[in-house]
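# Topology and contacts: notes
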Amino acid sequence: MIATQPDAGGHFGPYGGRYVPEVLMSPLEELQHTYEEARQDPAFHAELDLLLHTYAGRPTPLYHAKRLSEILGGAKLYIKREDLLHTGAHKINNCIGQALLARRMGKKRIIAETGAGQHGVATATVCALFGLDCTVYMGEEDMRRQRLNVFRMRLLGAKVEPVTNGSRTLKDAISEAMRDWVTNVSNTHYLLGSALGAHPYPAMVRDFHRVIGVEARQQILEAEGKLPDAVIACVGGGSNAIGIFHPFIEDDGVRLIGVEAGGRGPALGQHAARFEGGSPGVLQGTRSYLLQDDDGQISLTHSVSAGLDYASVGPEHALLHDLCRAEYGSCNDTDAVAAAVTLSRTEGIIPALESAHAVAAAIRLAPSHPGQTFIVNLSGRGDKDIDIYRENLPELDLR
Amino acid sequence: MTRIGQLFERLKAENRCGMIAYLTAGDPTPDATPGLVAALERGGADLIELGVPFSDPIADGPVIQLAGERALKAGTTLARVLEIAKEIRKTSEVPLLLFTYLNPALKYGFERLAHDAKAAGIDGCLLTDASVEEAGEYVKQMRAAGLDTVFLAAPTSTEARLKLVAEYSSGFVYMVSRTGITGEQQNISDSAIPLVERMRAHTDLPLAMGFGISTPEHVAAFVGKVEAVVVGSAIVRQIERDPAGVEEFMRELARPLGKTGAGAIS
């Protein structure tokens, strides 16, 4: 049986842990302690569940994508509609949970990093809801390609700080958020947006997203009377994937399939497929698979999808990979955009570019698996990506 | 005992507070580093921290981040820094401490690093993001090779954590004067001296104070309080602006410590 909780130090097998400058060690201990207490507190769960239901819009539907399934002519596809949540992606699940913890710790200032801007928007949203001061760090390159989300954050009252270091993407935004946290730790909570970073973040963020898998498992049993043959999700940091995978880990017959960003191709620097081109190392607080060079310097990455464009991956995925409990493959930029078009035209659902990677994998696998049932986690909706879709589909844009 | 241990014995005998100087090795080029180290030593540095650049330096402010970018662009690697150390050792016995992040050391391999660093004349190592909880294997390999392992103590550290930091440290303990990243500051943090007092309860090791110390006045504030002070970003900025002035800059900073430095006119 696979251990579904980390050890006391936050280790998932050889991965995870807590690798941060000493200044942050006590704040992480405080966060862990607060979280452990909250987990045992029925009032915490009651408030979280109420907000997830009445504010975020849970439960989300599990939708049978009938036309797409018929066209592909193989597996029966179900779509978990996290795109229908408030703010347009699964990220809000974790943000509500951590905002409640920040309130418990008496921290009035929230900082966050964001790649595609979905986590930034969800953070800005809960800060508005709870009356907390909010600063979001975002790479300049990501601000350019996700302009709509930058404006949404500002409209919600958050400060968006451009990050001009390194590749100006998610990794650099996380480093800048950590520097802010080191400096302002006494009054600030770092609302990390993926199942990454130092303990307790990977397990805590996963727990807040586990609701995706818990609902999906129950919904598929109601719809089909049996468990699915595969659950498919995109993996950047890996929060939506671990959220939907986790309740299925002990269901041996269920394949768990994570889809990384294949970008422009397999050369180092052109993709974010950590399990294909990476090796174990330590980045930004945790030990996991990393895209790095022979000297241990972190590589640049590329993906058309800002949310998948990251050099490391959540440590629990690293363990599931090594144990062969989950399978990880990749899908390139072109196939992701094509999958978004297919889903839009067969089901009337425009997916986020991140989620389109999972859809692409389902489209690839379905024809060869007739009689099987797949769940695809549609982690976000595509509105934020309209500019990128326009750039990639010039034939549709009759300007 | 390493050169670090010998240095602190000497400082104690001379009743003097030591000067620790940080520079990013390879900034602006690997070939420039030995000369800069010699200038710092002439200016009064008692111990040199050789920063090994890392692509994602989460504990560093903009000055050291940019120095790291320049050094990486100039082809600096951990292996190259060990070559630089060998070069320094041809003419100097100044204690050398490697100062970097965990991942380059992990990729190099702890056992190999300990062996090669010792052979290159390095005396100890500090990995900014290696918490004591995760440092078991690293400390074991470094100590087996006869190298010191220096850890950070912070104003946010609990008593239990300070005790662990003391246990895992050898040579000295690096006191972080304030919560924050590396970089120059106007004033010394109020949290610095209380941290020294708390740390003394857990260890007899020498204490060195760093982070934000950038003027002779800052240095003077710690004389008689700690065994050494660390200056980093201010030196890195001086190297960026005017490398020829590094020796004089160091001499000014070290003046309150009562050491004139070899070749100094006093």
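Further up the page is the structure itself.
Residues numbered from 1 in each chain as written. Chains lettered and ligands numbered in written order. Predicted model: local features only at pLDDT ≥ 70, side-chain atom pairs only at ≥ 80, totals over all residues. Heavy atoms only, no water.

### Examining the overall build of chain B
To keep it simple, the criterion reads: Under the DSSP-based scheme used, a helix requires at least four consecutive residues in state H or I and a strand at least two consecutive residues in state E, with every element numbered from the N terminus. Throughout, the radius of gyration refers to the C-alpha atoms, and the reference size of a globule is 2.2 Å times the residue count to the power 0.38. Buried means the residue's accessible area, taken with a 1.4 Å probe over protein chains only, is under 20% of the maximum for its type, while exposed means over 50%, and partly exposed covers the values in between. The criterion used for residue contact is that any of the two residues' heavy atoms lie within 4.5 Å. Method for areas: the Shrake-Rupley scheme with a 1.4 Å probe, in which residue coverage is limited to the protein chains shown. When charges are counted, Lys and Arg are positive and Asp and Glu negative, with His and the chain ends excluded. Charge coordinates come from a single atom per side chain, which is NZ of Lys, CZ of Arg, CG of Asp or CD of Glu.
The helix and strand tally for chain B stands at twelve helices and nine strands. Relative to the globule expectation of 18 Å for 266 residues, the C-alpha radius of gyration of chain B, 17 Å, shows essentially globular dimensions. Overall size of chain B, expressed as C-alpha extent along the three principal axes, is 45 × 45 × 35 Å. Burial statistics for chain B: of 266 residues in total, 61% are counted as buried. Here the contacts in chain B between residues at least 6 apart in sequence split such that 74% fall between residues at least 24 apart. Total accessible area computed for chain B in this model is approximately 10,000 Å², and 51% of it derives from carbon and sulfur atoms. Each charge class in chain B can be summarised by its mean position, and for the 27 positive and 34 negative side chains these summaries are 2 Å apart.

### A few points about the pattern of salt bridges
Which entries qualify depends on this criterion: The term salt bridge refers to a pairing of a side-chain nitrogen on Lys or Arg with a carboxyl oxygen on Asp or Glu at a separation within 4 Å.
Tallied over the full model, the rule gives 50 salt bridges over all chains. With a closest N to O distance of 2.7 Å, Glu82(A) and Arg58(A) form a salt bridge. Of this pair, Glu82(A) sits in the loop between β4 (76-81) and α4 (92-105) while Arg58(A) sits in the loop between α2 (42-56) and β3 (62-64), placing them 24 residues apart in sequence. The same class applies to Glu82(A) and to Arg58(A), which are both buried. When the shortest N-O distance is used, the salt bridge between Arg3(B) and Glu93(B) registers 2.8 Å. With Arg3(B) in helix α1 (residues 3-14) and Glu93(B) in the loop between α4 (78-89) and β3 (96-100), this pair connects stretches of sequence that are 90 residues apart. Overall, Arg3(B) belongs to the partly exposed group, its relative accessible area being 22%.

### Concerning empty space enclosed by the protein
Residues and elements named next belong to chain A. To be explicit about the condition: Both site types are read off a 1 Å grid over the protein atoms alone. A 1.4 Å probe that fits but cannot get out defines a cavity, while an open set with protein on both sides within 12 Å along at least five of seven lines defines a pocket; lining residues have an atom within 4 Å of a point. Grid points are joined across faces, edges and corners, and a volume is the space filled by probe spheres set on the points. We call Asp, Glu, Lys and Arg charged. Ala, Val, Leu, Ile, Met, Phe, Trp, Tyr, Cys and Pro are nonpolar, and the rest, Gly among them, are polar.
Evaluation of the coordinates by the stated rule reveals nine cavities of 30 Å³ or more. Counted as a void, the largest cavity has a volume near 300 Å³. His90, Lys91, Gly307, Leu308 and Glu354 are, among the 28 residues lining the largest cavity, the residues nearest its centre. Taken together, the elements giving at least two residues each to the lining of the largest cavity come down to β5 (109-114), α5 (118-130), α10 (239-245) and α14 (353-365). Residues of the lining of the largest cavity, tallied by class, amount to seven nonpolar, 17 polar and four charged. Space inside the second largest cavity adds up to approximately 140 Å³.

### Concerning the pairing of β3(B)
Residues and elements named next belong to chain B. Quick note on the threshold: Here, any two strands with at least 2 DSSP bridges between them count as paired.
With respect to burial, β3 is a largely interior element, five of its five residues being buried. The two faces of β3 match: Leu96, Leu98 and Thr100 on one face and Leu97 and Phe99 on the other face are all buried. Here four bridges tie strand β2 (residues 47-51) to β3, and the two strands are oriented parallel to one another. Bridged to Glu49 within β3 is Leu97. Here β3 runs beside strand β4 (residues 124-127); their pairing, made up of four bridges, is parallel.

### Quick notes on the nonpolar core
The condition is simple: Throughout, nonpolar core names a set of buried Ala, Val, Leu, Ile, Met, Phe, Trp, Tyr and Cys residues whose side chains join them through atoms within 4.5 Å.
If you look at the biggest cluster of nonpolar residues, it comprises 122 residues, and the most contacted ones within it are Ile96(A), Tyr190(A), Tyr201(A), Ile244(A), Phe245(A), Phe172(B) and Tyr174(B). Beyond its immediate stretch of four places on either side in the chain, Ile244(A) contacts Lys80(A), His209(A), Ile212(A), Gly213(A), Ala216(A), Val231(A), Ala233(A), Ile375(A) and Asn377(A). The next biggest cluster of nonpolar side chains, apart from the first, holds 69 residues, and it includes Val94(B), Ala153(B), Val229(B) and Leu257(B).

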